[in-house]
Amino acid sequence: MSENASLPVVPATADAEPAPPARFDTLPLDPKLLRAVADSGYLTMTPIQAKAIPIVLQGCDVMGAAQTGTGKTAAFSIPLLQRMLKHENPSVSPARHPVRALVLAPTRELADQVADNVKKYAKHTQLRSVVVFGGVDMKPQTAALKAGVEVLIATPGRLLDHIEAKNCVLNQVEYVVLDEADRMLDIGFLPDLQRILSFLPKARQTLLFSATFSPEIKRLAQSYLQDPILVETARPNQTASTVEQRFISATDDDKRAIIKQILKERSIRQAIVFGNSKLGVARLARAFERDGLRTAALHGDKSQDERLKSLDAFKRGEVDLLVATDVAARGLDISNLPAVFNFDVPFNAEDYVHRIGRTGRAGASGLAVTLVTKSDARLVADIEKLIKRTIDLDVYELESERPRFERRTRDDASERSERYERADRPPRAAGPVQRAPAPPADPFFNKPYEASTRDEPPAWEKAKAASPVKGLSSYIKPKRQVAALFGAKKPAPAEG
DNA sequence: AAAAAAC
């Protein structure tokens, strides 16, 4: 609690405390906004919305922390639009309107999604919004900016391009939002962010939202805020309680087979599989495809066109698996996603919270399975510390030792990497990419979805009953027991 | 150990 001592805090609601959900129409909002909210099908507010919206309406700077999938986008966009409507100056011609609100997001897909939401809530108003991000033609963005826009949603790099090209002027911005604020404030983004903020007026309302805020970032963030109010629901860095989290002991060779077996066992129709590297993700996607699953890959080495196509195909249910890097870890709202797999344990514990937050959204249930190898002990310990929960490491029994694929030979592996080069990085020169014909689809994964009819306990429950597995953390903290569990050669580094 | 974000 000491890290919040200097901030006025709206107290977190205890999980057990039953508060009647407040309706949007009890808020002092313009009928045009209320109509748009009603059009979206929303009646009552989520806890973060109920707490943050009145405070944003008052004009305060806000640091908002709430679990994944609880409607943070609406929590800032609805009150900002309201404030903009209230202070409209109708005497100025629309083309001369300055940008009044700026929303920054860490990935292009997220910026796009936030822009869709802003458009949805602003649709009955005169307020115009536009999204700008890299990897696509600048010209349409430039034209939209020049035509005049009140709300600008952007990723940092492309926004700086537009600023330098004098396509937009930000010296009259009244409202700034950093979505996934802790990411925007980390080392990789901070220089661009500071540059952008240097173009904005000092007197403005600034809003930071994320599901994760480390104490360090909280402190850093305060230097960008004026008299901020901290709005938290439940505990920060918390995973949604509707997500069943499983950690399974695995070897690199077994990981794919384990994922496929769990998908079948639980009749899971769709899942995101996260990997840590772009190359690893590209290869893994092709491997799943060869196994007969309809698979799309999403990572930063793909063209923006391919990225959007992969995500769309997944959202439309045309593919079973989305294999992705952390480009897909944050913010993306994929409705009713039943499961997330961590093929690799993420390097940052925060990213674990965000990755598994793609499932179990808006109160739905979800499954998050993390495959843990002996070299991941340290990372798992970091996750346990962050989410303040101990995690049991389950042993999972595969139906057969190497069910679907042979141990690969050196030739096989090099042939495969060649294919990766051809398929995932099309040559710059013109000419269609030759792809191997898709293997016949696995009939299991292509049948229409039906709710789980499982009455057998899953294999990990059986394995657990057979040989009780202890909490992983109890093995990690004392050094010599790490060696006992994993046969590690070097002791884990001492706790800080 | 990586990823993301501009050309």
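Just so it is clear, the model here is predicted, and its values are computed rather than measured.

Colleague: How would you summarise the overall build of chain A if you had to cite specific residues and measurements?
Modeller: In terms of regular secondary structure, chain A is built from 19 helices and 15 strands. Relative to its full complement of 496 residues, chain A shows a buried share of 51%. Taking as baseline every contact in chain A between residues at least 6 positions apart, the subset at least 24 positions apart corresponds to 77%. If you sum the accessible surface of chain A, you get close to 23400 Å²; carbon and sulfur atoms cover 53% of it.

Colleague: An account of the nonpolar core is needed here, citing residue identities and associated values.
Modeller: By size, the foremost hydrophobic cluster in this structure holds 60 residues, and its most contacted members are Ile-153, Leu-207, Phe-209 and Ile-272. Residue contributions to this core peak at eight residues, all from helix 3 (residues 72–86). Counting only domains with at least three residues in this core, you end up with domain 1 (2–232) and domain 2 (243–404 + 413–419 + 440–486). Counting 34 residues, the second-largest nonpolar core is a separate cluster that includes Ala-65, Leu-159, Leu-190 and Ile-196.

Colleague: I'd like a rundown of the protein's contact with DNA strand B, residues and numbers included.
Modeller: Residues in contact with DNA strand B amount to 22 residues; listed here are only the nearest, Arg-158, Lys-278, Gly-300, Arg-307 and Asn-348. Sugar and phosphate atoms constitute 65% of the interface atoms of DNA strand B, taking the interface as everything within 4 Å of the protein. One of the backbone nitrogen or oxygen atoms of Gly-134 is found 2.9 Å away from a phosphate oxygen of DNA strand B. At a separation of 2.6 Å, a phosphate oxygen of DNA strand B approaches a polar backbone atom of Lys-278. Tallying contributions element by element places helix 6 (residues 156–164) first for the surface near DNA strand B, with three residues. Looking at the surface near DNA strand B residue by residue, the class counts come to five nonpolar, 12 polar and five charged.

Colleague: Could you give an account of the domain arrangement of chain A, naming the residues involved and the relevant values?
Modeller: You can read the domains of chain A as domain 1 (2–232) and domain 2 (243–404 + 413–419 + 440–486). Contacts between the two partners involve 19 residues from domain 1, matched on the other side by 19 residues from domain 2. When the buried area of domain 1 at its contact with domain 2 is split by residue, Thr-68, Glu-109 and Gln-113 rank highest and sum to 36% of it. Across the domain 1-domain 2 interface, the total number found is four salt bridges. Between Asp-182 and Arg-330 there is a salt bridge, with its nearest N and O atoms 3.0 Å apart. Between the two partners, domain 1 and domain 2, sit 10 residue pairs in polar contact (both at pLDDT 80 or more). Contributing elements (two or more residues each) for the side of domain 1 that touches domain 2: helix 4 (108–122) and helix 7 (181–184). The leading source of residues in the side of domain 1 that touches domain 2 is helix 4, at five residues. Within the side of domain 1 that touches domain 2, the residues separate by chemical class into four nonpolar, nine polar and six charged.

Colleague: Describe the sheet that holds strand 14 (residues 366–372), with residues and values.
Modeller: Reading across from one edge, 11-12-10-13-14-9-15 is the order of the seven strands in this open sheet, with parallel pairing throughout. Strands with a single pairing partner mark the edges of an open sheet, and in this sheet they are strand 11 (295–298) and strand 15 (393–395). In this sheet, adjacent strand axes meet at a mean angle of 25° when their direction is disregarded. Bridge count between strand 13 (residues 339–342) and strand 14: four bridges; the pairing is parallel. In the sheet register, Ala-339 faces strand 14, and the bridge partner there is Leu-367.

Colleague: Explain the UniProt feature "short sequence motif: Q motif" (unreviewed entry) in chain A to me, using residue names and the numbers behind them.
Modeller: Taken from the UniProt record, the annotation "short sequence motif: Q motif" (unreviewed entry) applies to residues 22–50. For residues 22–50, the end-to-end C-alpha separation is 7 Å, with 45% helix and 0% strand making up the annotated structure.

Colleague: Would you mind going over helix 10 (residues 255–265) in detail, with residue names and values included?
Modeller: Counting buried positions along helix 10 gives nine out of 11 residues, so the element sits mostly inside the fold. Here helix 10 has its buried residues at Lys-255, Arg-256, Ala-257, Ile-258, Ile-259, Lys-260, Gln-261, Ile-262 and Leu-263. Among the residues trailing helix 10, Ser-267 stands out with phi positive, at a value near 50°.

The rules we used
- Residues numbered from 1 in each chain as written.
- Chains lettered and ligands numbered in written order.
- Predicted model: local features only at pLDDT ≥ 70, side-chain atom pairs only at ≥ 80, totals over all residues.
- Heavy atoms only, no water.
- Helix = DSSP H or I, 4+ residues; strand = E, 2+ residues; numbered from the N terminus.
- Buried < 20%, exposed > 50% of the residue type's maximum accessible area, 1.4 Å probe, protein only.
- Contact = heavy atoms within 4.5 Å.
- Areas by Shrake-Rupley, 256 points an atom, 1.4 Å probe, with all protein chains shown as cover.
- Core = buried A, V, L, I, M, F, W, Y, C linked by side-chain atoms within 4.5 Å.
- Domains from an automatic or database assignment.
- Near = heavy atom within 4 Å.
- Polar contact = N/O pair within 3.5 Å; in protein donor to acceptor, adjacent residues only side chain to side chain.
- Nonpolar A, V, L, I, M, F, W, Y, C, P; charged D, E, K, R; others polar.
- Buried area = accessible area lost by both parts, 1.4 Å probe.
- Salt bridge = Lys/Arg side-chain N within 4 Å of Asp/Glu carboxyl O.
- Pairing = 2+ DSSP bridges.
- Axes fitted to C-alpha atoms, helices over the stretch in contact; angles between N-to-C directions.
- UniProt positions renumbered as here; feature names shortened; annotations may be inferred.

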